[in-house]
Structures are given as C-alpha cells and as structure tokens.
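Reading the structure
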Amino acid sequence: MRIGHGYDVHQLVENRPLFIGGVKIEYAYGLLGHSDADVALHALMDAILGALALGDIGTHFSDQDQAFKDIDSKILLEKVVQMMKNANYKIGNVDITIIAQKPKMAPYISQIKKTLASYLEIDIRQVNVKATTEENLGFTGRLEGISCHAVCLLEQVSDK
C-alpha cells in the first residue's frame, strides 16, 4: 500500500465558472487558474501522484503549456488514473476536504462523490468528501479563494 497527500488553492475571481470535484457549482465567482482550476481534482491528482512518487500535476501538466489552457481537470484526472494503472495500482480510498467560506458545498457533495467514483473507477463507498469553513479567518474566510486537501490510499494490483 501507498499513501499520498495533495493540496491545492486558487483565488476566487469574477467572470469564471466554478468547478469543484468535477461538478459545476452555481456561484457568482470562479477560481483563477491555467486550467479550470478545480481545487479538489488538483489536490486529488497530487495525492495520487504523490503516492506513486511521480511528482505533482505541475510536473506532468505544466501551466506554461497552452495545451492545458482552460482544460477540464477531469481529462487530466483520467491521465493520472492511467498512470496509476500503468504502475499496477488501484485506489483503496480517497478522503477530500474542501475549505471554502462560500459557497456552501453540502448541496454538491453527493454529486462530487459520484463523479469522483466514476472517474476513479471505484465504488462510491471508497470516496469521502467533506467541506469546512475557516470561520471567516484567513484568505478562505475572507472569500479570497478556496483550498482543498486530499489523501488517497493506493493498493498494488499485483507484483510486477
């Protein structure tokens, strides 16, 4: 077994859609980034890549590469899942914490879990997603951005 941790943060800005965990969230602001800036998927990909000792998403999907400009992060997640499969691993479970003062995530958690389970090719019972505020403290509390932590456990499929 291998464990990985990922963290991501993006600034909230006007005139951008908000995607978290592969789900479009209805909100007046979106996240600024080279791709769609999906903090949950970025943290999850970093967790998987970390467990595989393959660096981070910046190593594989540079923000200097125009091929990834405004890309749907679910496409990048598919590539990371393929890297995981190529290394002979599968997801044991994932645990994700979204840190946002607003918008409230509770109405979206179920759909995020379904989306993640589908893209990770695992049972929804292997996916946990939760959200918290920071009680109006820090940059997330001041509505300047959203951050996310993700942890994953990988299990080897078979010996190589």
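Bear in mind the structure is a predicted one, so any value in this text is a computation, not a measurement. (Residues numbered from 1 in each chain as written. Predicted model: local features only at pLDDT ≥ 70, side-chain atom pairs only at ≥ 80, totals over all residues. Heavy atoms only, no water.)

**Considering the nonpolar core**
Counting 48 residues, the largest nonpolar core has Ile48, Ile98 and Leu120 as the members making the most contacts within it. Per element, the largest residue contribution to this core is 10 residues, and it comes from helix α1 (residues 39-51). With residues up to four places along the chain from it excluded, the contact list for Ile48 reads Leu77, Val80, Met84, Ile91, Leu120, Cys152 and Leu154. (Core = buried A, V, L, I, M, F, W, Y, C linked by side-chain atoms within 4.5 Å. Buried < 20%, exposed > 50% of the residue type's maximum accessible area, 1.4 Å probe, protein only. Helix = DSSP H or I, 4+ residues; strand = E, 2+ residues; numbered from the N terminus. Contact = heavy atoms within 4.5 Å.)

**Notes on the packing of aromatic side chains**
In this structure the tally under the stated criterion is two aromatic pairs. With a centroid separation of 5.8 Å and an interplanar angle of 55°, the aromatic rings of Tyr27 and Tyr29 are classed as tilted. Take Tyr27: its relative accessible area is 27%, and that puts it in the partly exposed class. Judged by centre distance (5.4 Å) and plane angle (85°), the rings of Phe61 and Phe68 are edge-to-face. For the pair shown, Phe61 and Phe68 are each scored as buried. (Phe/Tyr/Trp six-rings, centres within 6.5 Å; stacked < 30°, edge-to-face > 60°.)

**Overview of helix α4 (residues 109-120)**
With 12 residues, α4 extends 16 Å from end C-alpha to end C-alpha; this agrees with the ideal 16 Å at 1.5 Å per step. Every buried residue of α4 is accounted for by Ile109, Ile112, Thr115, Leu116, Ala117 and Leu120. Residues of α4 that are buried sit in contact with β2 (18-20), β3 (23-25), α1, α3 (73-86), β5 (89-99) and β6 (127-132). (Expected span 1.5 Å × (residues − 1).)

**A word on the packing of α1 against α3**
At a minimum axis separation of 10 Å, α1 and α3 run at an interaxial angle of 10°. As judged from the angle between their axes, α1 and α3 are roughly parallel. The two elements α1 and α3 meet at a crossing, and its hand is left-handed. Within the contact between the two elements, α1 uses Leu41, His42, Leu44, Met45, Ile48 and Leu49 and α3 uses Ser73, Lys74, Leu76, Leu77, Val80, Met83 and Met84. Residue composition of the contact of α1 with α3, grouped by class: 10 nonpolar, two polar and one charged. (Axes fitted to C-alpha atoms, helices over the stretch in contact; angles between N-to-C directions. Parallel < 35°, antiparallel > 145°, perpendicular 65-115°, else oblique. Left-handed = near helix turned anticlockwise from the far one by under 90°. Nonpolar A, V, L, I, M, F, W, Y, C, P; charged D, E, K, R; others polar.)

Keep in mind these numbers describe shape, not what the thing actually does.
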